[in-house]
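# Examination of the molecular architecture
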Amino acid sequence: MDKISGMIEGFIWSPKGSEANNQVDDWPPEEGPHSDFHGPNAGSTACVAIIRNNQLVVANAGDSRCVISRKGQAYNLSKDHKPDLEVEKDRILKAGGFIRVGRVNGSLNLARAIGDMEFKQNKSMPAEKQIVTANPDVTTVELCEDDEFLVIACDGIWDCMSSQQLVDYIGDQLKSESKLSVICERVFDRCLAPTAGGEGCDNMTMILVQFKKPFDNPNAASTSAEELPSSSNQTLSGPNEGSSKT
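The sections below set out a description of the structure shown in this document. Treat the numbers as computed from the prediction; the structure is a model and nothing was measured.

## A closer look at helix α6 (residues 180-191)
Over its twelve residues, α6 extends 17 Å from the first C-alpha to the last, a length consistent with the 16 Å expected when each residue adds 1.5 Å. Residues of α6 that are buried include every one of Ile 183, Cys 184, Val 187 and Cys 191, and no others. Along the axis of α6, the buried positions cluster into a sector of 100 degrees, meaning they face one direction only. Close packing links the buried residues of α6 with α4 (155-158), α5 (163-174) and β11 (206-210).

This is the structure:
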């Protein structure tokens, strides 16, 4: 049983082949402040969307992503928290961590998460300043009649499709299919790798919400795409952003 567990853990913590190209594994496997941690090492991203009246509030921690389709254009309502982002990299280094092969301490490929307690052991720092934090970014949007649907998905989807590609695909599917669960299944089939290895082998989770009724906000119709987000701590990504790689 120990051998099997070790093999599974090795697969989980090993970088993808595409990320490890031209990289030399020259650091000790037990390097880092998490090396003597013997507690639970599971973790999860969190991306939450709440609609209240005409207002949509999105909170995100990790590399899952929330995207809204407005007149067929994709707009990101969350930011992928990857270790190479300057704000994430700065926090990681100040908390005593490091980044190798695009991963926190050479293992975790995202910079914010619930759990992953071995990266939250710096007792001299508050929770939001740990190597990995669950502190979310929050974005607030006023919905209008131009809003067609909302997608929340994990990185297994975004590894294979950009936000605009997914919005285009879902828009085409909605022309002939009304059952949203069927459209989600088709997205999974499209992203699923034909063979083991490479993109399309990660776990995939997706939520699709279609807006069917016009919103009552009298000012909503005049809201432009540039005015879309009212964010507490981030700006909107444009409709042509590319997919992020893990």
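## Topic: the pattern of salt bridges
On inspection of all chains with the given rule, the structure shows ten salt bridges. Across the pair Asp 63 and Lys 82 runs a salt bridge, and its minimum N-O distance is 2.7 Å. Placement of the pair is Asp 63 in the loop between β3 (55-61) and β4 (65-70) and Lys 82 in the loop between β5 (73-76) and α3 (86-94), with a sequence separation of 19 residues. The exposure class assigned to Lys 82 is buried, which follows from its relative accessible area of 8%. One network of salt bridges, with partners in common, ties together Glu 88, Arg 91, Arg 112 and Asp 137.

## Quick notes on the nonpolar core
Formed by 18 residues in total, the largest nonpolar core has its most connected members in Val 151, Ile 157, Leu 166, Ile 170, Val 187, Met 206 and Leu 208. At four residues, α6 tops the list of elements feeding residues into this core. Leave out the neighbours within four places in its chain, and Ile 170 touches Phe 149, Val 151, Ile 183, Val 187, Met 206 and Leu 208. Within the second largest apolar cluster, twelve residues are counted, among which are Tyr 75, Leu 143, Ile 152 and Phe 211.

## A few points about unusual backbone geometry
Here the phi dihedral of Lys 71 falls at roughly 55 degrees; this positive angle occurs in a residue that is not glycine. When you line up the elements, Lys 71 lands in the loop between β4 and β5. A relative accessible area of 61% places Lys 71 in the exposed class. Here the phi dihedral of Val 101 falls at roughly 55 degrees; this positive angle occurs in a residue that is not glycine. Relative to the helices and strands, Val 101 resides in the loop between β6 (99-100) and β7 (103-104). Take Val 101: its relative accessible area is 14%, and that puts it in the buried class.

Definitions and cut-offs
Residues numbered from 1 in each chain as written. Predicted model: local features only at pLDDT ≥ 70, side-chain atom pairs only at ≥ 80, totals over all residues. Heavy atoms only, no water. Helix = DSSP H or I, 4+ residues; strand = E, 2+ residues; numbered from the N terminus. Expected span 1.5 Å × (residues − 1). Buried < 20%, exposed > 50% of the residue type's maximum accessible area, 1.4 Å probe, protein only. Arc of directions from axis to C-beta. Contact = heavy atoms within 4.5 Å. Salt bridge = Lys/Arg side-chain N within 4 Å of Asp/Glu carboxyl O. Core = buried A, V, L, I, M, F, W, Y, C linked by side-chain atoms within 4.5 Å.

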